[in-house]
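# Coordinate inspection notes
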Amino acid sequence: MKLSTIIERGRFSSPAAAPQALAWNGDKLWMGSRDLRRIYGIDPRKWEVLEEKESPGIPWAAVATNGTLCFTIGEGPNDDRYIRRFGSDVGFSEADKIACPEFTGSYLSYDGDSLYLSQWYKHRILKLDANGNIIRVIDVGAEVSGHAFVERMIYVLRGTEQNGESWTIARLDPREEKPEVKDIAVVPFACRSLTFDGANFWSNHRAANEIVSFALPRSP
């Protein structure tokens, strides 16, 4: 059965080059620029930058966690990956900085209690404890370019960067012992990061310096 394509709700010019990290938090959309190593709090209605902060490294991914944000940051000459908390009033925290397993990992999601970190080349999502230890491994079966929790389900962007980039958005139920990953729709651009605002999904079309809002096609 041929998959339908996502329904784009809007495309917006990124406030900075190479939009990479993306997270919805309250009434703001947060974006991190891979190349400029800065993060931006955006008013999505007026499409205005409300906050701008320097990042301690490359902001590869972000997720909202109970009022604050967590970022995956690539630091040092080897781009070692760490998870750092961020608050507008205090900036990036050094005290509770967590090393990613094997210093690798990128995209983040949050189930209300635990962080989930994906590893691109290992085609998997890891559930982490508070210290960054692996609690569980979920095989996704392809490269992962973003994931987000919606109503206790994980929605994941999966595919391949090779041969012109080919991506779908899929869904899995983490409550299953061995979750079945079901593709829902084709994502027709080189997507990076996934977040949900309560009504629509958002992702970056990094190569075009655009941020895209979209919905899923209705089931037949």
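As shown above, the structure is provided for reference.
Rules of the game
Residues numbered from 1 in each chain as written. Predicted model: local features only at pLDDT ≥ 70, side-chain atom pairs only at ≥ 80, totals over all residues. Heavy atoms only, no water. Buried < 20%, exposed > 50% of the residue type's maximum accessible area, 1.4 Å probe, protein only. Helix = DSSP H or I, 4+ residues; strand = E, 2+ residues; numbered from the N terminus. Pairing = 2+ DSSP bridges. Phe/Tyr/Trp six-rings, centres within 6.5 Å; stacked < 30°, edge-to-face > 60°. 1 Å grid on protein atoms, 1.4 Å probe; cavity = no way out; pocket = protein on both sides within 12 Å on 5 of 7 lines; lining within 4 Å. Points joined across faces, edges and corners; volume = space filled by probe spheres on them. Nonpolar A, V, L, I, M, F, W, Y, C, P; charged D, E, K, R; others polar. Contact = heavy atoms within 4.5 Å. Polar contact = N/O pair within 3.5 Å; in protein donor to acceptor, adjacent residues only side chain to side chain.

### Comments concerning the pairing of strand β7 (residues 58–65)
β7 sits mainly inside the fold: seven of its eight residues count as buried. The pairing of β7 with strand β8 (residues 68–75) spans seven bridges and is classified as antiparallel. Along β8, the bridge assignment pairs Ala 64 with Leu 69. Between β7 and β8, which follow one another and run antiparallel, lie two residues, and Asn 66 among them has a positive phi close to 50°.

### Considerations on the packing of aromatic side chains
Enumeration according to the criterion identifies 15 aromatic pairs in this entry. Note on Phe 12 and Trp 47: the rings are 4.5 Å apart at their centroids and 25° apart in plane angle, and the pair reads as stacked. On the criterion of sequence distance, the pair formed by Phe 12 in strand β2 (residues 7–13) and Trp 47 in the loop between β5 (38–43) and β6 (48–54) is long-range, its members being 35 residues apart. For the ring pair Phe 71 and Phe 86, a centre distance of 6.0 Å and an interplane angle of 85° mean the geometry is edge-to-face.

### Quick notes on the layout of surface pockets
Considering only enclosed or pocket space, the largest pocket measures out at about 370 Å³ in volume. Considering the residues around the largest pocket, the lining is formed by 20 residues, among which Trp 60, Arg 81, Ser 106, Trp 120 and Tyr 121 are closest to the centre. Elements that contribute at least two residues to the lining of the largest pocket include exactly β9 (80–87) and β13 (115–119). Considered class by class, the residues forming the lining of the largest pocket number five nonpolar, seven polar and eight charged.

### Overview of empty space enclosed by the protein
A probe as big as a water molecule, rolled over the atoms, marks out the empty space that is left. Evaluation of the coordinates by the stated rule reveals one cavity of 30 Å³ or more. One number sums up the size of the largest cavity: a volume of about 40 Å³. What lines the largest cavity is Leu 22, Ala 61, Ala 62, Tyr 107, Leu 108, Gly 146, His 147, Ser 193 and Leu 194. Where the lining of the largest cavity is concerned, the elements lending two or more residues are β7, β16 (143–150) and β20 (191–196). By residue class, the composition of the lining of the largest cavity is six nonpolar, three polar and no charged.

### Some remarks on the environment of Thr 104
Tracing the chain through its elements places Thr 104 in the loop between β11 (98–99) and β12 (108–110). In the structure, Thr 104 is positioned 24 residues away from Asp 80 in sequence and 6.6 Å away in space, judged by C-alpha atoms. Excluding its chain neighbours within four sequence positions, the residues that come into contact with Thr 104 are Arg 81, Leu 117 and Gln 119. At a separation of 2.8 Å, a polar atom in the side chain of Thr 104 contacts the side chain of Gln 119.

### Some details on the environment of Tyr 116
On the secondary structure map, Tyr 116 appears in strand β13. Since its relative accessible area comes to 4%, Tyr 116 is described here as buried. Separated by 53 residues in the primary sequence, Tyr 116 and Val 63 place their C-alpha atoms 9.8 Å from one another. Leaving out residues up to four positions away in the same chain, Tyr 116 has contacts with Tyr 107, Leu 108, Ser 109, Asp 111, Ile 125, Leu 126, Lys 127, Ile 138, His 147, Phe 149 and Ile 154. Within the structure, the side chain of Tyr 116 is placed 3.1 Å from the side chain of Asp 111, a separation counted as a polar contact.

### A short note on the sheet that holds strand β18 (residues 166–172)
Reading across the sheet, the five strands line up as β1-β19-β18-β17-β16 and stay open at both edges, with mixed pairing between neighbours. The open sheet terminates on both sides in strands that have one partner only, identified here as β1 (4–5) and β16. Sheet analysis places strand β17 (residues 153–160) next to β18, joined by seven bridges and oriented antiparallel. Residue pairing for β18: Arg 158 is matched across the bridge by Thr 168.

### A short note on the pairing of β17
For β17, the buried fraction is high: seven of the eight residues fall into the buried class. With seven bridges connecting them, β16 and β17 associate as antiparallel partners. Residue pairing across strands places Val 144 opposite Arg 158, the latter belonging to β17. In textbook terms, the turn of a hairpin is the stretch between consecutive antiparallel strands, and for β16 and β17 this stretch comprises two residues, one of which, Glu 151, has a positive phi near 50°. Hairpin remark: β17 followed by β18, antiparallel, with five residues in the connecting loop; positive phi at Asn 163, about 55°.

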